[in-house]
Amino acid sequence: METGTPTEPERAGTVIAGTVIRRHNWVTRIWHWVNAIAVLILLGSGLGISNAHPRLYWGRYGANFDSAWASLPYFPAWLTIPARYNLAISRRWHLFFALVLGFGLLAYMIGGLVTRHFQRDLRIRGRELRPAAIWADFRRHLAFRFHDERDPRAYNLFQKLSYAGVLFIALPLAILTGIALSPGMNAAWPWVLDVLGGRQSARSIHFITATLLALFLIVHLVLVILAGPLNELRSMITGRWRVPE
Amino acid sequence: MIARRTILTGGAGLLLAGCDKVIQQPTARKILFAGEDMQKGLQRALMDRGALAPEYRRDQMSPIFRTNGTRNPGTPEYAALAANRFEDWRLKVGGLVAKPLSLSLRQIGEFPARRQITRHDCVEGWSAIGEWMGPMLGNILKAADISTRARYVVFTCADLYGGQPYYESIDLIDAFHPQTILAWGMNGRMLDIGHGAPLRLRVERQLGYKHAKYLMRIDAVDSLANIGLGKGGYWEDHVDYDWYAGI
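Within every chain, residues take consecutive numbers counted from 1 along the sequence as written. Following the order in which they are written, the chains are lettered starting with A and the ligands numbered starting with 1. Since the coordinates come from a predicted model, pLDDT governs what is reported: local features require at least 70, and pairs of side-chain atoms require 80 or more to be given and counted, while whole-chain, interface and lining totals use all residues. The side-chain quantities take in all heavy atoms of the structure and omit both hydrogens and water.

Within an unreviewed UniProt entry, the label attached to chain B reads Molybdopterin-binding protein, and the organism entered is Sphingomonas yabuuchiae.

Named according to an unreviewed UniProt entry, chain A is HupC originating from Sphingomonas yabuuchiae. UniProt positions are given in the numbering used here, feature names are shortened, and annotations may be inferred rather than shown by experiment. Among the UniProt annotations of chain A, the heading Subcellular location (unreviewed entry) holds the following wording: "Cell membrane". Annotation of chain A in UniProt includes, under Sequence similarities (unreviewed entry), the sentence "Belongs to the HupC/HyaC/HydC family."

1. Considerations on the domain arrangement of chain B
Assigned domains within chain B: domain 1 (1-46) and domain 2 (54-239). Throughout the structure description, domain borders are defined by an automatic or database domain assignment. Put simply, the middle of domain 1 of chain B and the middle of domain 2 of chain B, counted by C-alpha atoms, are 35 Å apart.

2. A short note on unusual backbone geometry
Residue A:Ile81 is joined to A:Pro82 through a cis peptide bond whose omega torsion reads -10°. Under the scheme used here, helices are H or I runs from DSSP no shorter than 4 residues and strands are E runs no shorter than 2 residues, and both carry numbers assigned from the N terminus. Residue position: A:Pro82 is located in the loop between β3 (70-71) and α3 (87-114). Of note, the bond from B:Ala197 into B:Pro198 is cis; its omega dihedral lies within 30 degrees of zero at 5°. The phi dihedral of B:Arg85 is positive, around 50°, even though this residue is not glycine. With respect to the secondary-structure elements, B:Arg85 resides in the loop between α3 (76-83) and β1 (91-95). Even without a glycine there, the phi angle at B:Tyr214 is positive, about 50°.

3. Brief notes about the nonpolar core
Formed by 58 residues in total, the largest nonpolar core has its most connected members in B:Leu91, B:Leu137, B:Phe155 and B:Leu182. Residues count as neighbours in contact if any of their non-hydrogen atoms are within 4.5 Å of one another. Excluding residues within four positions of it along the chain, B:Leu91 makes contact with B:Leu101, B:Ser102, B:Leu103, B:Ile108, B:Leu182, B:Leu199, B:Leu215, B:Met216, B:Arg217 and B:Ile218. Definition used in this section: a nonpolar core is a set of buried Ala, Val, Leu, Ile, Met, Phe, Trp, Tyr and Cys residues joined via side-chain atoms within 4.5 Å. Think of it in three bands: with a 1.4 Å probe and only protein chains considered, a residue is buried below 20% of the maximum accessible area for its type, exposed above 50%, and partly exposed in between.

4. Comments concerning the pairing of strand β11 (residues 215-221) of chain B
All names here are of chain B. With five of seven residues buried, β11 lies mostly within the body of the structure. Sheet topology places β1 next to β11; four bridges connect them, and they run parallel. The residue bridging Gly94 from the neighbouring strand is Asp219, located in β11. Strands are treated as partners if at least two bridges between them are detected by DSSP.

5. Here's the deal with the environment of A:Ala174
Residue and element names in this part refer to chain A. As for its placement among the helices and strands, Ala174 is situated in helix α6 (residues 157-180). On a C-alpha basis, the gap between Ala174 and Ala227 in space is 29 Å, while along the polypeptide they are 53 residues apart. Setting aside residues no more than four positions away along its own chain, Ala174 makes contact with His206, Thr209 and Leu213.

6. Some points on the state of the cysteines
All names here are of chain B. When two cysteine sulfur atoms are found within 2.5 Å, that pair is recorded as a disulfide. Going through the model one piece at a time under the given rule, you end up with zero disulfides over all chains. Here Cys122 is not disulfide-linked; the sulfur of Cys157 is the nearest cysteine sulfur, at 16 Å. Looking at Cys122, the relative accessible area reads 7%, which means it is buried.

7. Focus: the sheet that holds β1(B)
All names here are of chain B. Spatial strand order, β2-β1-β11-β5-β6: five strands in an open sheet with mixed pairing. Sheet topology places β2 (101-103) and β6 (164-171) at the edges, where each strand pairs with a single neighbour. The average undirected angle you get between the axes of adjacent strands in this sheet is 20°. Of the strand pairs in this sheet, strand β5 (residues 152-161) and β11 are connected by six bridges, and their pairing is antiparallel. Within β11, the position partnered with Val153 by the bridge is Ala220. Structural elements are reduced to axes, namely lines fitted to C-alpha atoms, with helices fitted over the stretch in contact, and the angle between N-to-C directions of any two is expressed from 0 to 180 degrees.

8. Structural notes on the environment of B:Asp240
Relative to the helices and strands, B:Asp240 is located in the segment after α7 (234-239). Between the C-alpha atom of B:Asp240 and that of B:Phe33, which follows or precedes it by 207 residues, the distance is 8.9 Å. When neighbours within four sequence positions are excluded, B:Asp240 is seen to be in contact with A:Ala88, A:Ile89, A:Arg92, B:Arg29, B:Phe33, B:Lys231 and B:Trp235. Two N or O atoms count as a polar contact when they lie within 3.5 Å, although within protein this holds only if one can serve as hydrogen donor and the other as acceptor, and sequence-adjacent residues are included solely when both atoms are side-chain atoms. Within the structure, B:Asp240 has its side chain in polar contact with the side chain of B:Arg29 (distance 3.0 Å).

9. Section: the UniProt feature "domain: Cytochrome b561 bacterial/Ni-hydrogenase" (unreviewed entry) in chain A
The sites that UniProt annotates as "domain: Cytochrome b561 bacterial/Ni-hydrogenase" (unreviewed entry) are residues 23-239 of chain A. Span residues 23-239 of chain A is 67% helix and 2% strand, its end C-alpha atoms 5 Å apart.

10. Quick notes on the packing of aromatic side chains
The geometry of an aromatic ring pair comes down to the distance between the two centres and the angle between the two planes. Residue and element names in this part refer to chain B. Any two rings among Phe, Tyr and Trp, with Trp reduced to its six-membered ring, count as a pair given centres within 6.5 Å; such a pair is stacked if its planes are under 30 degrees apart, edge-to-face if over 60, and tilted if neither. Following the criterion strictly, the structure yields 23 aromatic pairs over all chains and no others. Their ring planes at 35° and their centres at 6.0 Å tell us that Tyr166 and Tyr234 sit as a pair that is tilted. Taken together, the residues span a long stretch of sequence, with Tyr166 in strand β6 and Tyr234 in helix α7 at a distance of 68 residues. Here the two residues Tyr166 and Tyr234 agree in accessibility, since each one is buried.

11. Structural notes on the side chain of A:Ser235
All names here are of chain A. Mapped onto the elements of the fold, Ser235 is located in helix α10 (residues 229-237). Assessed through its relative accessible area of 1%, Ser235 is described here as buried. The contacts of Ser235, once residues within four sequence positions are left out, are Arg23, His24, Arg29, Arg240 and Trp241.

12. Regarding the UniProt feature "domain: Oxidoreductase molybdopterin-binding" (unreviewed entry) in chain B
As recorded in UniProt, the sites labelled "domain: Oxidoreductase molybdopterin-binding" (unreviewed entry) are residues 85-222 of chain B. As annotated, residues 85-222 of chain B comprises 12% helix and 44% strand, and the C-alpha atoms at either end are separated by 34 Å.

13. A word on the UniProt feature "transmembrane region" (unreviewed entry) in chain A
All names here are of chain A. Under the local residue numbering, the UniProt record ascribes the feature "transmembrane region" (unreviewed entry) to residues 30-49, 93-115, 163-185 and 205-227. The span residues 163-185 is 91% helical and 0% strand by assignment, and the distance between its end C-alpha atoms comes to 29 Å. Helix and strand shares over residues 205-227 are 100% and 0% respectively, and the end C-alpha atoms of the span are 32 Å apart.

14. A closer look at α6(A)
Residues and elements named next belong to chain A. A helix is expected to reach a length of 1.5 Å times the quantity of its residues less one. With 24 residues, α6 extends 33 Å between its outermost C-alpha atoms, agreeing within 8% with the 34 Å of an ideal straight helix rising 1.5 Å per residue. Fitting axes to the seven residues ending at a residue and to the seven starting there, one defines the bend at that residue as the angle between these axes. Of all bends in α6, the biggest is about 40°, found at Val166. The set of residues buried in α6 consists of Leu157, Gln159, Lys160, Ala164, Val166, Leu167, Ala170, Leu171, Ala174, Thr177 and Ala180. Put simply, Asn156 is the residue that caps the front of α6, since its side-chain oxygen is 3.1 Å from the backbone nitrogen of Phe158.

Next up, the structure:
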């Protein structure tokens, strides 16, 4: 959303369907695409790394003779980076784009606060949490209506919850659990391991968080398709979004 | 609708497939591989030079510490050394040192030993916690009077990979770190063959493949360029593993 004054129709109280408004500001747009590339590469290379030892444990240690809580499938070539198993190259991709993800998120956090995007657009108001409001939002989703006609630019409750969950919980947790896997960082910041309950627990949480991010990505893409993919894509490229019927 | 969905998810698929094409470009490869130096720079900036890897209690140790990599060098030379319980084995310390050494296991045992219960993290993802005992590498390098020109320490092993001895290297920050030891003891016993007898490196702030087993030589050098294929280790030379394995 632009930080400038609202466009004419909005100030009037209702927005006529078909009006093109400014939806996403440049900070959000740039971060969205940088992050989209980083997350896809991290998921693909992460599955490649998982293939090297597809067992997950809880606690500080965990290897072949210890009991695993999960035995993961061998992820096929079309899901992994590189397609052919190569742990070294998967790690090269993963550890480079981990920096893109981490510093990208840091920059976006600062940008989101400075442009007041977070405070204005992601803050959940008390009235949104009333059962009747939640129920109404739920029914609107079932009817594939994702915007509020009176304030089409605003995010609905489920959008706010999922975006805030990804931004402030899932992505930071993926980064923190990733840091916990580094023996160098274990020496630098031993508290990270203490918080997460050991390196193998951190590895398990890293995988679970990545799975949740992958699920978010799928739901996100499906909703973009349902909401009108060209209009939604344009709004994330140029910032301009046409208010749906 | 189907077509649009194909475009979106196909786009993601193309990106994954595209990665394999991208990395074949020398420039892209160089940028991607520069991630190692960025990670190393960041870690070294955030980490106190002497910051210790976590140490554990006895009751936190792995019940079974698995072996991996070479489980027995299997060469006639090594078999002869092992048959004689490493009585004839010597660790050669050379390169940029004023006093080259040739140390028996007994002589290494006369250096003050550090006992540490640490976690071994394999690059594959598993971890095992074990107890290690042996002298600090720094004390041995000091005994050999290491030159101020030295920048790296290279470890040459008894096990062969493709006909060449396995080797690894670390820089002097890690070489003189208090937890960097040459372990002759493990879990309260002499180091066994599966875990690298008679002597192996422990470099606790890095991944497992840096912890060279079956040590034969230690050389102080000013550059890694003329050793092996020049990348500082067997895996680094042959399969693109990072030389800095702090992550």
